[in-house]
Amino acid sequence: MLIKRPDDILPSEITPPEVYADRRRFLQVAGLSAAGLALSQPTRLLAAQSGLPGPIAKSPLSTAEELTPRKDITSYCNFYEFGTDKSDPAANAGRMQTRPWTVKVDGLVGKPKTFDIDELIKLAPLEERIYRLRCVEAWSMVVPWVGFPLSALLKQVDPLGSAKYVEFTTLYDPKVMSRLPVLNWPYKEGLRLDEAMHPLTLMAVGLYGDVLPNQNGAPLRLVVPWKYGFKSAKSIVHIRLTDKQPNTAWNDAAPSEYGFYSNVNPDVNHPRWSQAKERRIGDFLKRPTLPFNGYADQVASLYTGMDLKKNF
Ligand code: MTE
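In this report, the structure presented in the accompanying data block is examined. From a predicted model like this one, the values you see are computed outputs, not experimental measurements.

What counts, and where the lines are drawn
Here, residues in each chain are numbered from 1, in the same order as that chain's written sequence. For this predicted model, a pLDDT threshold of at least 70 governs which residues receive local features, and a threshold of 80 or more governs which side-chain atom pairs are given and counted, while totals over whole chains, interfaces and linings are taken from all residues. For side-chain calculations, the full set of non-hydrogen atoms in the structure is used, while hydrogens and water are omitted. Each helix is a run of DSSP H or I of at least 4 residues and each strand a run of E of at least 2, with the numbering of both proceeding from the N terminus. Residue burial is assigned from relative accessible area. The probe radius is 1.4 Å, only protein chains are included, and a residue is buried under 20% of its type maximum, exposed over 50%, and partly exposed in between. Two residues form a contact once any of their heavy atoms are found within 4.5 Å. Using the Shrake-Rupley algorithm and a 1.4 Å probe, accessible areas are obtained, with residue cover drawn only from the displayed protein chains. Nearness here has a simple test: a residue counts as near a molecule or strand if at least one of its heavy atoms is within 4 Å of that partner. Polar contact is the term for a pair of N or O atoms within 3.5 Å; when the atoms are in protein, one must be able to donate a hydrogen and the other to accept it, and sequence-neighboring residues count only if both atoms are side-chain atoms. Any residue that is not Ala, Val, Leu, Ile, Met, Phe, Trp, Tyr, Cys, Pro, Asp, Glu, Lys or Arg is counted as polar, Gly included; the first ten are nonpolar and the last four charged. What counts as a ring pair is set by centres within 6.5 Å for rings of Phe, Tyr and Trp (its six-membered ring), and what kind of pair is set by the plane angle: stacked under 30 degrees, edge-to-face over 60, tilted for all other angles. Definition used in this section: a nonpolar core is a set of buried Ala, Val, Leu, Ile, Met, Phe, Trp, Tyr and Cys residues joined via side-chain atoms within 4.5 Å.

Attention now goes to the overall build of the chain. Scanning the chain for helices and strands turns up nine helices and 13 strands. By residue count, 55% of the 312 residues in the chain fall in the buried class. Within the chain, contacts between residues at least 6 apart in sequence are counted, and of these 71% link residues at least 24 apart. Looking at the chain as shown, the accessible area adds up to about 13,300 Å², and 55% of this sits on carbon and sulfur atoms.

See below:
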């Protein structure tokens, strides 16, 4: 983001070969290389042990690509409230209390409501969704999220016809989080309502069959797989429907670098680096970045007639 450029990623930050071998072993054992509908044995076991309401079905919306190892997903993180180094969130986010936790949903809705998190995670059947995550810093991962569609939550509050956007506000607790003004706290993100209602847009409550680790945004985070990773607000406490495009933390910090839409687009470079390629965590060579992070067939129609160079 503002701090690190893709070229600043040290070789030591890239998955070593033994972890890579571990990943292959996991895939063989778990039989997770193909996205099927069946519940794999490890998924059942993890769901039972994690306290997530199970069973967790495997979503057909998943990619069949190789998973990034759990230890990379949980140790190479961006969560600036806990520090700006990739390892800071794993070291510091344990201080955040994720129970009790409520999420207020209000604004232009017929039935505003404050949900307790334990009620919220039972609103809709949980699914395992394996998505590519493409960070604006030009690295990517493949993450087996556990969650439910955001649309299931929004339908509970009856969005009004005048609602056009959704604003997400995340926890800011200076007792356990950074007091440095790195970004305008609390962290905010936003989507257009049709993006928010899209079947790919996920509220994640877990990964790898287990509850979300704090550093990955416990107890509830947004995942929008065709947008850069910073759209996926972590540790959400408030969701507000509005008729105006909301301000977002990164757009406030550097409007020329981080737009509201932030769709993954290999043709629109970040002003300080190319977005044409990405390094999959664990790989040595870069691979081409795909328009909409490979989800163009499902989402390109949301932007028909828009100039995506202007609306970056
Ligand atoms: N959410 C909050 N509250 N604070 C943050 O700093 N960072 C964003 C996003 N959500 C961030 C956040 C960025 S820049 C990215 S790339 C993703 O979280 C990273 O998610 P991960 O660490 O789980 O891979």
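Summarising the element assignment, Ala296 is placed in helix 9 (residues 296-299). For the pair Ala296 and Val264, spaced 32 residues apart in sequence, the C-alpha separation works out to 9.8 Å.

Around the ligand lies a shell of 16 residues, among which Tyr80, Glu81, Arg221, Ser232 and Lys234 are the nearest. Between the ligand and Glu81 there is a distance of 2.8 Å, counted from a nitrogen atom to a side-chain nitrogen or oxygen. Separating a nitrogen atom of the ligand from a side-chain N or O atom of Thr170 is a distance of 3.3 Å. The fraction of the free accessible surface of the ligand (530 Å²) that becomes covered by protein chains is 100%. A per-class count over the shell around the ligand returns eight nonpolar, five polar and three charged.

Applying the stated criterion across every chain, the model contains twelve aromatic pairs. Residues Tyr76 and Trp139 carry aromatic rings whose centres are separated by 5.1 Å and whose planes lie at 80 degrees to one another, so their mutual orientation is edge-to-face. Of this pair, Tyr76 sits in the loop between helix 3 (70-75) and helix 4 (88-92) while Trp139 sits in strand 5 (residues 139-149), placing them 63 residues apart in sequence. Residues Tyr76 and Trp139 agree in their burial class; the two are buried. Taking 5.6 Å as the distance between ring centres and 15 degrees as the angle between the ring planes, the aromatic pair formed by Phe292 and Tyr303 counts as stacked. Of the two residues, Phe292 is situated in the loop between strand 13 (287-288) and helix 9 and Tyr303 in the segment after helix 9; the sequence distance between them amounts to eleven residues. As far as burial versus exposure is concerned, Phe292 and Tyr303 are alike and both buried. An aromatic cluster is defined as three or more aromatic residues linked by ring pairs; in this entry it consists of Tyr165, Phe260, Tyr261, Phe292 and Tyr303.

Bringing the nonpolar core into the picture now. One finds Trp145, Leu153, Phe168, Trp226, Ile236 and Ile239 to be the most contacted residues of the largest nonpolar core, which totals 84 residues. In terms of residues, this core owes the most to one element, strand 5, which gives seven residues. Leaving out residues up to four positions away in the same chain, Phe168 has contacts with Leu150, Tyr187, Lys188, Glu189, Gly190, Leu191, Leu222, Ala233, Ile236, His238 and Ile239.

Attention now moves to the environment of Ser232. By the element assignment, Ser232 lies in the loop between strand 10 (221-223) and strand 11 (236-242). When its relative accessible area of 8% is taken as the criterion, Ser232 is described as buried. When the C-alpha positions of Ser232 and Leu202 are compared, they lie 9.4 Å apart, and in sequence the two are 30 residues distant. Not counting the four nearest positions on each side in its chain, Ser232 is found in contact with Arg221, Leu222 and Val223.

On to unusual backbone geometry. Backbone torsion omega between Arg99 and Pro100 reads -10 degrees, so that peptide bond is classified as cis. A cis amide bond, omega -5 degrees, links Trp185 with the succeeding residue Pro186. You can see Pro186 is positioned in the loop between strand 6 (165-170) and strand 7 (188-192). The phi angle at Ala138 is positive, at roughly 75 degrees, despite the residue not being glycine. Inspection of the secondary structure puts Ala138 in the loop between strand 4 (127-134) and strand 5.

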